[in-house]
Amino acid sequence: MLVTITLVFFCLFIVFQVLYIFVPLYSSRKKEKTYPSVEKGISVLIPAYNENLVIENCISGLFQVSYGHMEIIFINDGSTDLTLKTLQKLLLLNITEKVKTDTLSHEKVRKVYRSAIYPNIYVLDKANGGKADALNAGICYASHDIIITLDADSVLDSQSLTEINRTFEDDTIVAAGGLVHVLQGYHHNGNSFNPSFHASNLIRFQVVRYLTGFYMNKTTQSTLNAMTVIAGAFGAFRKDVLFQAGGYRKTVGEDMDITLRIQELIGTILKGKRIAFIPEAICYTECPASLKSLYNQRIRWQKAFIDCIITFRKSLFRKMNFRVSLFLLFDSLILGTLSAYPVLFIPLILLFTPNHLKLFLLLFSISFSIAILLHIATLLVSRRFAHHYRFREYLTIISFLPLEVLLYRLTEVVFVTFGTILYFFNKDEWSRSDRIGKPILLNRHMTIDLNDKREVKS
Amino acid sequence: MKRYLSVNLLFTFCFLLIMTPLFYSLFNYISHNLVSAMPSKSVVTPLHMPLISVDRDFSEGEYAGQVAVLMYHQILPEEVLQDIHYNKLHELSRTIVTVEQFTEQMTYLKINDYTVLSLTEFHQFMTKNKKVPAKSVLITFDDGMKNVFEFAYPVLKKHGFYAVQFIIPSTITEKTVPFDASIVQHASLDELVRAADVFDYGNHTLSFHEMTADGTAYLLSKKRENVKEDIESANKWIGHSLAFAAPFGEYDESTLEILAELNTGMAFTIEAGFASPSNSIYEIPRMGIYPEHTLDTFSNIIDTHGVMNK
C-alpha cells in the first residue's frame with residue numbers, strides 16, 4: 001500500500017518535472033519585440049518598515065531605471081528606526097497634497113511628502129499596519145494605471161519597466177510577475193555587472209533555486225496559464241484589478257494571496273484575462289546570507305502558502321481555473337508540501353519494506369537525474385535571456401549541482417515540514433530576512449549621486 | 001526558434017538516453033514485483049475436492065510398460081469457432097481441439113478397449129508398480145478453461161472416463177457465467193465442484209501462467225521464493241499436491257527442487273513421449289493432441305507398441 005502511494009506520488013512528481021523541463025525549453029525564445037512608442041504611466045510602490053539600512057540602495061537603484069513616465073511612492077509603514085529621517089535627508093521632502101484615486105481600508109496616513117529634488121518621488125508616512133496595509137495605502141494614492149510593487153531591498157534592472165510597459169500593451173494581461181535574481185549571484189567590477197557563481201554554498205544554492213524557480217517553473221506556469229504566485233519582490237498589476245480584488249489582505253503571504261484572488265477573478269468575472277510572467281523584466285534582490293535567516297524566510301513562505309491553501313481551498317476548481325487549481329493542488333501542495341519531495345518517502349519505503357531496495361535505488365536515480373537535467377535545462381534557457389556565465393563557472397555550477405540536489409533539497413524538505421507544522425501553532429509571528437545593506441553599484445555612473453539631477457525625469 | 005532547435009533536440013535526446021533505461025527498469029520492477037503479486041490475494045474460496053478414489057484392479061491380462069498421457073487445452077464446437085480462435089495465419093489455435101474431433105477420439109478409445117486411468121491409478125502405476133492394462137491412457141487438460149467443462153465433460157462422463165485438469169486458481173471465478181465463445185473464459189468454482197466426478201485437479205500455478213515482456217515464463221523469471229510461494233498457495237487451494245504442470249512447459253532445476261520441497265506427487269512436461277515408471281517423476285512426458293490430428297494420427301500417437309516397434 002505504502003509502495004503504491006509512493007509510486008503514485010512519484011509519477012505525479014515526474015509529470016510535473018517533465019513539464020518544467022520541456023515547456024520552457026521549447027517555448028522560450030527571443031521574440032521579435034515591438035516596444036510601444038508611448039510610455040504608460042507606472043506607479044512603483046515600495047513599502048518600507050525599518051529599512052534604514054537598505055533604503056539608500058533602493059533609491060539609487062531606482063535611478064538606473066530608464067523609464068520616464070513613472071512615479072515612485074515610498075510607504076513608511078510606521079517605522080521605528082530612522083527610515084523616514086533618511087528619506088527626508090536623501091530626498092528633501094516637503095509636505096504635499098496628493099489625490100486619493102479610490103479607497104481601500106488602511107491605517108491612517110499621517111502625511112504625504114514629495115521630494116523637492118525628484119518631483120516624481122513621494123513618501124507616505126502612515127501608522128504601522130503591515131505590508132499588505134502599506135500596499136493598500138499606496139494603491140489609493142497611486143495616480144497611474146499600472147502598479148508595480150517592489151521590496152525595499154530589491155533593485156530594478158534598467159530595462160525592467162520598459163518590458164512591463166511592453167507586456168501591458170496586451171489587454172488580456174491583468175497582472176505580471178517579473179524575474180528576480182539573487183543579487184549576491186552577481187559580480188560588479190567597474191562598469192561590468194555580471195552573473196558570478198563565486199559565492200558561498202548557501203548563496204549558490206539560492207542562486208540555482210531562483211534560476212530554476214523563475215526561468216523554468218514560472219515560465220511553465222505562465223505558458224500554461226497557471227501562475228500561482230507573483231513574487232512580492234517584483235510584481236506588476238493593473239490598478240483597477242487590484243481594486244476589483246479588494247486590495248491586499250493582511251496575511252503572511254500577501255503576494256500569493258493577491259495572485260490567487262486575481263486568479264479567482266479570472267475564473268469568474270474576468271474570463272479570458274491572464275497573469276503573465278516576464279522573464280525580461282528583471283529585479284535583483286538580496287537573499288539571506290545565513291542559514292538562520294534563510295530558515296526564517298522559508299518558514300515564512302511555507303506558512304504563507306499553507307495560509308493561502310486554507311483560505312482558497314473552496315475556490316479550487318470552482319472559482320479558479322482548472323489549471324491553476326491543478327498546479328496549486330498537485331504541484332505546490334501535494335508534491336511540495338505533503339510529500340515535500342519524494343526523498344521523504346524513499347527512506348520510508350526502505351524502512352517498512354526492506355526488500356524493495358532496488359525500487360529505492362531506481363526512484364532515487366530517477367529523481368536525481370531528473371533534478372540535474374532540470375538544472376541543466378535551466379542553464380540553457382537562462383542563456384537565451386542573456387544570463388551568461390563564463391565557461392569555467394558553468395563547470396563550477398555543474399559540479400555544484402549534485403550537492404544541491406542531495407544536500408540542499410533535504411534542507412528544503414525540513415523548511416517545508418517545519419513551516420507547515422509551525423503554521424498551525426503560531427500563525428502571526430513572522431520575521432523578515434535580516435537586511436544586509438551592502439551598497440549596490442549597478443553602474444558606476446549611476447551610483448548614489450543625489451546632487452546630480454540628470455537622472456530625474458518627470 | 002531555429003537557433004535553439006538543435007540544442008533542444010540534443011538535450012531531449014540526452015534526456016531520453018538517460019531517462020528511458022531508468023523508466024524501463026522501474027516499469028519492469030513494478031510489473032514483476034508489485035502487480036503480479038496482487039491477484040493471489042483475491043483468489044476465491046478454496047476448492048478442496050477429494051481425489052477420485054477409483055483404484056481398479058487390473059491384475060489380469062497384458063500389462064503396460066508405458067502409458068500415453070494425452071494433453072488437451074480447449075474443446076470447442078466447430079460452429080462457435082471465430083476470429084479469436086485463429087492466429088494471424090488463419091490457422092486454428094494449437095490449443096483448440098473441436099468437440100467433433102474430441103468425441104471421435106474418445107469413441108475410438110472406447111471401441112478399442114482403452115483403459116482411461118484416474119490420476120490415483122496413474123500415480124500408483126508410476127510409483128507403486130501398479131499393474132495397468134497394456135492399452136491405458138491418462139487424459140489431461142491444461143489451464144482450466146470453461147469450454148472443457150461445457151463440452152468435454154459430457155463426453156467423458158458418457159464413456160465413464162476420468163481426466164485431470166491442471167488449473168490456475170487465480171483465474172477461477174466465484175460466479176458461474178453463461179458460456180460465450182467470443183471471450184476467454186476460465187471455469188468457476190461451482191463448475192469445478194460439479195465436474196469432480198470426472199476430473200481431478202492438478203496444479204498449474206496459482207497466478208504464474210504469465211510471461212514477461214521478453215517472453216520468459218514467470219517460473220523462470222521470478223525469484224525462487226515467489227515461485228515457491230505461488231506453487232504452494234495453489235496446492236493449498238486445490239487441497240493436495242499430487243500433480244503439477246508448468247505453464248508453457250517452462251521450468252528449470254530450481255522448479256524441480258521446489259516441487260520436491262513441496263512434496264509434489266508428479267509433474268508433467270509438454271515434451272512428447274510415453275510415461276513409464278523409469279521416467280523422472282517430475283518430468284513425465286505428455287502427448288499433445290492438436291487440431292490438425294486426424295483419427296489416424298491420434299491412434300498412432302497413443303499406440304505405445306507402434307512406437308516401440310519403430
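Just so you know, these numbers come straight off a predicted model, no measurement behind them.

### Focus on the overall build of chain B
Across its full length, chain B holds 10 helices and 10 strands. Taking all contacts inside chain B whose residues are at least 6 apart in sequence as the whole, residues at least 24 apart take part in 71%.

### Some points on helix α6 (residues 201-223) of chain A
Residues and elements named next belong to chain A. Spanning 23 residues, α6 covers 32 Å between terminal C-alpha atoms, matching the ideal 33 Å at 1.5 Å per step. Helix geometry: α6 is bent most strongly at G213, by close to 30 degrees. Directly beyond the C-terminal end of α6, a positive phi value near 55 degrees is found at N225.

### Side note on the pairing of strand β1 (residues 42-48) of chain A
All names here are of chain A. Extensive coverage of β1 is indicated by the burial of 7 of its 7 residues. Residues of β1 alternate between two faces, with I42, V44, I46 and A48 on one and S43, L45 and P47 on the opposite face, all of them buried. In terms of strand pairing, β1 meets strand β2 (residues 70-77) through 7 bridges, oriented parallel. Opposite A48, over in β2, you have N76 as the bridge partner. Each parallel crossover has a hand, and the one from β1 via helix α2 (residues 55-62) to β2 is right-handed. Bridging between β1 and strand β6 (residues 146-150) involves 4 bridges; their strand directions are parallel. By the bridge assignment for β6, S43 is matched with I147.

### What to know about the interface of chain B and chain A
Interfaces are often described in size by the accessible area the parts lose on coming together. Counting residues at the interface gives 14 residues for chain B and 15 residues for chain A. Residues belonging to the side of chain B that touches chain A are distributed by class as follows: 12 nonpolar, 2 polar and no charged.

### Some remarks on the UniProt feature "transmembrane region" (unreviewed entry) in chain A
The UniProt record annotates "transmembrane region" (unreviewed entry) at residues 6-26, 324-353, 359-382 and 394-425 of chain A. Taken end to end, residues 6-26 of chain A is 100% helix and 0% strand, and its first and last C-alpha atoms sit 30 Å apart.

### Things to note about helix α4 (residues 131-141) of chain A
Counted residue by residue, α4(A) has 11 buried out of 11 residues, so it is predominantly covered. Of all the residues in α4(A), the buried ones are A:K131, A:A132, A:D133, A:A134, A:L135, A:N136, A:A137, A:G138, A:I139, A:C140 and A:Y141.

### Overview of the sheet that holds strand β3 (residues 93-95) of chain A
Residue and element names in this part refer to chain A. On the basis of which strands lie adjacent, the open sheet formed by 10 strands has the order β3-β4-β5-β2-β1-β6-β11-β8-β12-β7 and mixed pairing. Strands with a single pairing partner mark the edges of an open sheet, and in this sheet they are β3 and β7 (154-156). In this sheet, adjacent strand axes meet at a mean angle of 30 degrees when their direction is disregarded. Here β2 pairs with strand β5 (residues 121-126) via 6 bridges, running parallel. Counterpart to I73 in the pairing with β5 is Y122. In the packing of helix α3 (residues 83-91) onto the sheet, the strands contacted are β1, β2, β3, β4 (109-115) and β5, and the crossing angle to β2 comes to about 150 degrees.

### Some thoughts on the pairing of strand β12 (residues 274-285) of chain A
All names here are of chain A. The element β12 is largely enclosed, with a buried count of 10 among its 12 residues. Looking at chain direction, β7 and β12 are connected through 3 bridges and run antiparallel. For S154, the partnering residue across the bridge sits in β12 and is T285. By the bridge criterion, 9 bridges tie strand β8 (residues 173-182) to β12 in an arrangement that is parallel.

### Notes on the nonpolar core
Here is a general trend for soluble globular proteins: nonpolar side chains tend to be buried in one another's company. A:L45, A:I46, A:I73 and A:I164 are the most contacted members of the largest nonpolar core, which totals 119 residues. Counting residues per element, this core draws most heavily on helix α12 (residues 357-384) of chain A, which supplies 9 residues. In terms of nonpolar packing, the next biggest core, distinct from the first, is built from 73 residues, B:A64, B:M145, B:F161 and B:V227 among them.

### With respect to unusual backbone geometry
Even without a glycine there, the phi angle at A:L92 is positive, about 50 degrees. The topology assignment puts A:L92 in the loop between α3 and β3. C-beta crowding within 10 Å serves as the criterion here: with 14 such atoms nearby, A:L92 is assigned to the partly exposed category. The phi angle at B:N129 is positive, at roughly 55 degrees, despite the residue not being glycine. Residue placement: B:N129 occurs in the loop between α3 (119-127) and β5 (136-142).

Cut-offs and rules
- Residues numbered from 1 in each chain as written.
- Chains lettered and ligands numbered in written order.
- Predicted model: local features only at pLDDT ≥ 70, side-chain atom pairs only at ≥ 80, totals over all residues.
- Helix = DSSP H or I, 4+ residues; strand = E, 2+ residues; numbered from the N terminus.
- Contact = placed C-beta atoms within 7 Å.
- Expected span 1.5 Å × (residues − 1).
- Bend = angle between axes of the 7 residues up to and from the residue.
- Buried ≥ 20, exposed ≤ 12 C-beta atoms within 10 Å, placed from the backbone.
- Pairing = 2+ DSSP bridges.
- Right-handed = clockwise from strand over helix to strand, strands pointing away.
- Nonpolar A, V, L, I, M, F, W, Y, C, P; charged D, E, K, R; others polar.
- UniProt positions renumbered as here; feature names shortened; annotations may be inferred.
- Axes fitted to C-alpha atoms, helices over the stretch in contact; angles between N-to-C directions.
- Core = buried A, V, L, I, M, F, W, Y, C linked by C-beta atoms within 7 Å.

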